Amino acid sequence: MMHVLLVRYTVPIDQVTPHVPGHVAYLERRHADGTFLLSGQTVPDDLGGVILARGTREHVEKVAREDPFAVTGVAAYEIVTVDPGGRIHDTLRGLIESGGQ
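Everything quoted here is computed from the prediction, not taken from an experiment.

What counts and how
Residues numbered from 1 in each chain as written. Predicted model: local features only at pLDDT ≥ 70, side-chain atom pairs only at ≥ 80, totals over all residues. Heavy atoms only, no water. Helix = DSSP H or I, 4+ residues; strand = E, 2+ residues; numbered from the N terminus. Rg over C-alpha atoms; globule rule 2.2 N^0.38 Å. Pairing = 2+ DSSP bridges. Axes fitted to C-alpha atoms, helices over the stretch in contact; angles between N-to-C directions. Contact = heavy atoms within 4.5 Å. Phe/Tyr/Trp six-rings, centres within 6.5 Å; stacked < 30°, edge-to-face > 60°. Buried < 20%, exposed > 50% of the residue type's maximum accessible area, 1.4 Å probe, protein only.

## Observations concerning the overall build of the chain
- Tallying secondary structure elements over the chain gives 5 helices and 4 strands in all.
- Listing each helix as α and each strand as β along the chain from the N terminus yields β-α-α-β-β-α-α-β-α.
- In summary, the chain has a C-alpha radius of gyration of 14 Å against a globular reference of 13 Å for 101 residues, a match within 12%.
- Based on the C-alpha atoms only, the size of the chain along its principal axes is roughly 40 × 25 × 20 Å.

## A look at the sheet that holds strand β1 (residues 2–9)
- In space, the 4 strands of this open sheet follow the order β2-β3-β1-β4, with antiparallel pairing throughout. Taken across any chain shown, the strands that pair with only one partner, and hence form the sheet edges, are β2 (36–41) and β4 (75–82). Neighbour-to-neighbour, the strand axes of this sheet turn through a mean angle of 15 degrees, independent of strand direction.
- Pairing geometry for β1 and strand β3 (residues 48–54), over 7 bridges, is antiparallel. Within β3, the position partnered with histidine 3 by the bridge is alanine 53.
- Packed on one face of the sheet, helix α2 (residues 20–32) meets β2, β3 and β4 and runs near 155 degrees to β2.
- The strands touched by helix α3 (residues 57–66) within the sheet are β1, β2, β3 and β4, with β4 carrying the most contacts at an inclination of about 165 degrees.

## Section: the packing of aromatic side chains
- Evaluation of the coordinates by the stated rule reveals 2 aromatic pairs.
- Where tyrosine 9 meets phenylalanine 69, the ring centres are 6.0 Å apart and the plane angle is 70 degrees; that geometry is what we call edge-to-face. One end of the pair, tyrosine 9, is in strand β1; the other, phenylalanine 69, is in helix α4 (residues 68–72), with 60 residues separating them in the sequence.
- For phenylalanine 69, a relative accessible area of 3% corresponds to the buried category.
- Centroid distance tyrosine 26 to phenylalanine 36: 5.8 Å. Interplanar angle 75 degrees. Geometry classified as edge-to-face. In this pair, tyrosine 26 sits in helix α2 while phenylalanine 36 sits in strand β2, placing the two residues 10 residues apart along the sequence. Both residues of the pair, tyrosine 26 and phenylalanine 36, count as buried.

Here you go:
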């Protein structure tokens, strides 16, 4: 399954900034293990970020709870699960069909 994770700041951006290094390290770990396929800031960036993840819903929920932003309460996650069984661009097919966790 695929999941769109909306990461929304719950506090002013100046309270988020001290937690950015831990959040970036977290993102790098999850990209390296194949859970996250894409991550980036919203535009404008004061809204938060978006992550495209793969794996079971249970795994992705567990991973989201581990984000330093979530642990410290400076951001909250909304997870939207997508069944990619419809139309898939060939460029993404291999990533999606390999499944992840």
